[in-house]
Amino acid sequence: MSFLIAKQPIFDKKDNVVAYEVYLRKKGNMLEYPKEVPYNRSAHIILEILMEHGVNKIGEGKKIMLNVSIDSLLNKAFENLPPEKLILELIPPQIQVGTIVINQALKRAEKFKESGILLAASYDILLKESYQQFVEEAFLITVDFHHLTDTKVTSLKAKDKKLLITKIENEKQYNKAVEIGDFFEGNYLGAPYVLKEFETAPYLKNTLVKLIAMLHSAQSIKEIARFISYDAGLTAKLLRFVNSAYFSPIQEIKSVEQACSMLGMKNIRNFIFLLAMNDYISVENPVLWKKALIRAFLASQMAKRIMPDLEDAAYLMGLFSLIDEILGVDKISFLKEINIDKVILDGYTGKHKKLREILDFASQLEEKYPTIQSSEDPYNSAILTNIEKFTGINRSELLQMTKDAYEKAEYILNL
């Protein structure tokens, strides 16, 4: 799949361009958001482009408006941009967030407002009762032309909130919008301009290259925590993950550094890899991605019992086992380009026989588990008997490992 970053002018009542909205869109359809890119990942991608090319250049000296999901406000990278040039249009997160994230995001919104950043509330925020505090902080309300008659919109206009009317497609709509609004956007006034195009596979590859470089250079949990804190998607998902029933912590984990310390250096490395891929591949091909997750969990647990030094390598072998089918790339070439460890490449090619065997056994269990479960005597299935013979891992333990791997994969898909 592919997507692009575009900008579109925003006008005032005197037909002056006062800002540019910068957003992600699906290639070939400028009205559709690319569903393969999570909202919090969208903010990360756009921030990278702004820091690479400069806010003044992209905004042509004007302000820039970014669509930012509430959980993305936790992204520290916003602090690297000139506040006087930013308008953050707040939109609801794709996955419901808890009160901790909402309260943290609200504090960040207040801090941004104090620094000179303008806040805008999208129409979708108006509809959510739990997000009304963000509406109060907003200077601007954004609403497309077709929702102008909503009483929520007109009541906020009465409270001196400025109104940006979008999706204006003809002169008749514009004349109506001018009677009500303060700022205006739409193809009738100015069409979007494409800044950059992305293909999912190359973009994911670049993301993984950066992650691997960071993980190799990081000397402590604190360094990894600092890196994660600059990525709103990883931050929100990490906190949700460690506070879930998956871990059932005695006390609520409230910071990235706490979460990283709880997981430990090895586990947090694997978790970062998993999430970086999950954001894209879970939409690109959820069926194959689930299979790869199951293989990763199984291979890791099997290696832990018979080759503990290679537990991480076995995990990554499972995680990348279907990357060629999912993204349509050559697996070995892709992994070489992201600088994956040679031992993993040797596992795929068969040079490392033991790693190859573990992946093969994990793949067999992943593929045949439904059949094994539905049989009259699961514990005595030929596959379990054969794997027990070669690995020394008891059949009942293999079956429980496989059940756990299926449950973990399902959980990760829904993070």
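The structure under discussion appears in the preceding block.
As the structure is a prediction and not an experimental result, all values here were calculated from the model.

### As for the overall build of the protein
Okay, step 1: Each helix and strand counted, the protein has 19 helices and nine strands in total.
Okay, step 2: For the protein, the C-alpha atoms occupy an extent of roughly 80 × 45 × 45 Å along the three principal directions.
Okay, step 3: With 415 residues in all, the protein has 53% of them scored as buried.
Okay, step 4: In the protein, of all internal contacts separated by at least 6 residues, the share reaching a separation of at least 24 is 62%.
Okay, step 5: For the protein, the exposed area adds up to about 18900 Å²; of that, 50% sits on carbon and sulfur atoms.

### Let's talk about the packing of helix H13 (residues 311-319) against helix H16 (residues 342-349)
Okay, step 1: Put simply, H13 and H16 touch, their axes get as near as 10 Å, and they point 60° apart. What the angle tells us is that H13 and H16 run oblique. In this structure, the crossing between H13 and H16 has a hand that is right-handed. The segment H13 lies against H16, with Ala313, Leu316, Met317 and Gly318 engaging Val343, Ile344, Gly347 and Tyr348.

### Things to note about the environment of Ile383
Okay, step 1: Examined against the element boundaries, Ile383 turns out to sit in helix H18 (residues 382-391).
Okay, step 2: The spatial distance from the C-alpha of Ile383 to the C-alpha of Leu81 is 57 Å, given a sequence separation of 302 residues.

### Brief notes about the environment of Phe297
Okay, step 1: Here Phe297 shows up in helix H12 (residues 286-306).
Okay, step 2: It is 11 Å that separates the C-alpha atoms of Phe297 and Leu365, two residues lying 68 residues apart in sequence.
Okay, step 3: Phe297 has contacts with Leu274, Tyr315, Ala405, Lys408, Ala409 and Ile412, leaving out every residue within four places of it along the chain.

### Description of the packing of helix H17 (residues 353-374) against H18
Geometry of a packed helix pair, given as the angle between the helix axes and the separation of the axes.
Okay, step 1: It is at 10 Å that the axes of H17 and H18 come closest, and there the two elements cross at 150°. Between H17 and H18, the crossing angle belongs to the class labelled roughly antiparallel. The element H17 and its partner H18 pack so that their crossing is left-handed. Counting all contacts with H17, which are made through Phe361, Gln364, Leu365, Lys368 and Ile372, the residues of H18 involved are Ile383, Leu384, Asn386, Ile387, Phe390 and Thr391.
Okay, step 2: In terms of residue class, the contact of H17 with H18 is built from seven nonpolar, three polar and one charged.

### Observations concerning the pattern of salt bridges
Okay, step 1: For the structure shown, the criterion picks out 14 salt bridges.
Okay, step 2: The salt bridge involving Arg295 is made with Glu367; its shortest N-O contact spans 3.2 Å. With a gap of 72 residues between them, Arg295 in helix H12 and Glu367 in helix H17 connect regions that are remote in the sequence.
Okay, step 3: With a relative accessible area of 7%, Arg295 lands in the buried category.
Okay, step 4: Residue Glu367 is classed as partly exposed on the basis of its relative accessible area of 44%.

### A short note on the pairing of strand S3 (residues 63-69)
Okay, step 1: For S3, a buried count of six out of seven residues is recorded, marking the element as mostly surrounded by other parts of the structure.
Okay, step 2: In the sheet, strand S2 (residues 17-26) pairs with S3 via four bridges, with the strands oriented parallel. Among the inter-strand pairings, Ala19 is bridged to a residue of S3, identified as Lys63.
Okay, step 3: In the sheet, S3 pairs with strand S4 (residues 86-91) via six bridges, with the strands oriented parallel. Directly across from Asn67, in S4, lies its bridge partner Glu89.

### Remarks on the nonpolar core
A general tendency of soluble globular proteins is for nonpolar side chains to be buried together.
Okay, step 1: One finds Leu238, Ile268 and Phe320 to be the most contacted residues of the largest nonpolar core, which totals 77 residues.
Okay, step 2: For this core, the element with the highest residue contribution is helix H11 (residues 256-284), accounting for 13 residues.
Okay, step 3: Excluding residues within four positions of it along the chain, Phe320 makes contact with Leu208, Met277, Lys331, Phe334, Leu335, Ile338, Ile340 and Tyr348.
Okay, step 4: Judged by nonpolar contacts, the second largest core, of 54 residues, contains Ile45, Ile64, Phe78 and Phe145.

### Focus on the environment of Leu86
Okay, step 1: Relative to the elements of secondary structure, Leu86 occurs in strand S4.
Okay, step 2: A sequence separation of 67 residues divides Leu86 from Ala19, and the C-alpha atoms of the two residues are 9.2 Å apart.

### A short note on the packing of aromatic side chains
Okay, step 1: The final tally for this structure, using the stated rule, is seven aromatic pairs.
Okay, step 2: When the ring of Phe78 is compared with that of Phe112, the centres are 5.9 Å apart and the planes differ by 75°; the resulting orientation is edge-to-face. Remark: Phe112 occurs in helix H3 (residues 99-115) and Phe78 occurs in the loop between S3 and S4; sequence separation between them is 34 residues.
Okay, step 3: Consider the rings of Tyr369 and Tyr406, whose centres lie 4.8 Å apart with planes at 35°: the pair is tilted. Of the two residues, Tyr369 sits in helix H17 while Tyr406 sits in helix H19 (residues 395-413), which places them 37 residues apart along the sequence. Both residues of the pair, Tyr369 and Tyr406, count as buried.
Okay, step 4: An aromatic cluster is defined as three or more aromatic residues linked by ring pairs; in this entry it consists of Tyr174, Phe184 and Tyr188.
Okay, step 5: Stacked on the ring of Phe297, the Lys or Arg Lys408 has its end atom at 5.6 Å from the ring centre.

Cut-offs applied
Residues numbered from 1 in each chain as written. Predicted model: local features only at pLDDT ≥ 70, side-chain atom pairs only at ≥ 80, totals over all residues. Heavy atoms only, no water. Helix = DSSP H or I, 4+ residues; strand = E, 2+ residues; numbered from the N terminus. Buried < 20%, exposed > 50% of the residue type's maximum accessible area, 1.4 Å probe, protein only. Contact = heavy atoms within 4.5 Å. Areas by Shrake-Rupley, 256 points an atom, 1.4 Å probe, with all protein chains shown as cover. Axes fitted to C-alpha atoms, helices over the stretch in contact; angles between N-to-C directions. Parallel < 35°, antiparallel > 145°, perpendicular 65-115°, else oblique. Left-handed = near helix turned anticlockwise from the far one by under 90°. Nonpolar A, V, L, I, M, F, W, Y, C, P; charged D, E, K, R; others polar. Salt bridge = Lys/Arg side-chain N within 4 Å of Asp/Glu carboxyl O. Pairing = 2+ DSSP bridges. Core = buried A, V, L, I, M, F, W, Y, C linked by side-chain atoms within 4.5 Å. Phe/Tyr/Trp six-rings, centres within 6.5 Å; stacked < 30°, edge-to-face > 60°. Lys NZ or Arg CZ within 6 Å of the ring centre and 35° of its normal.

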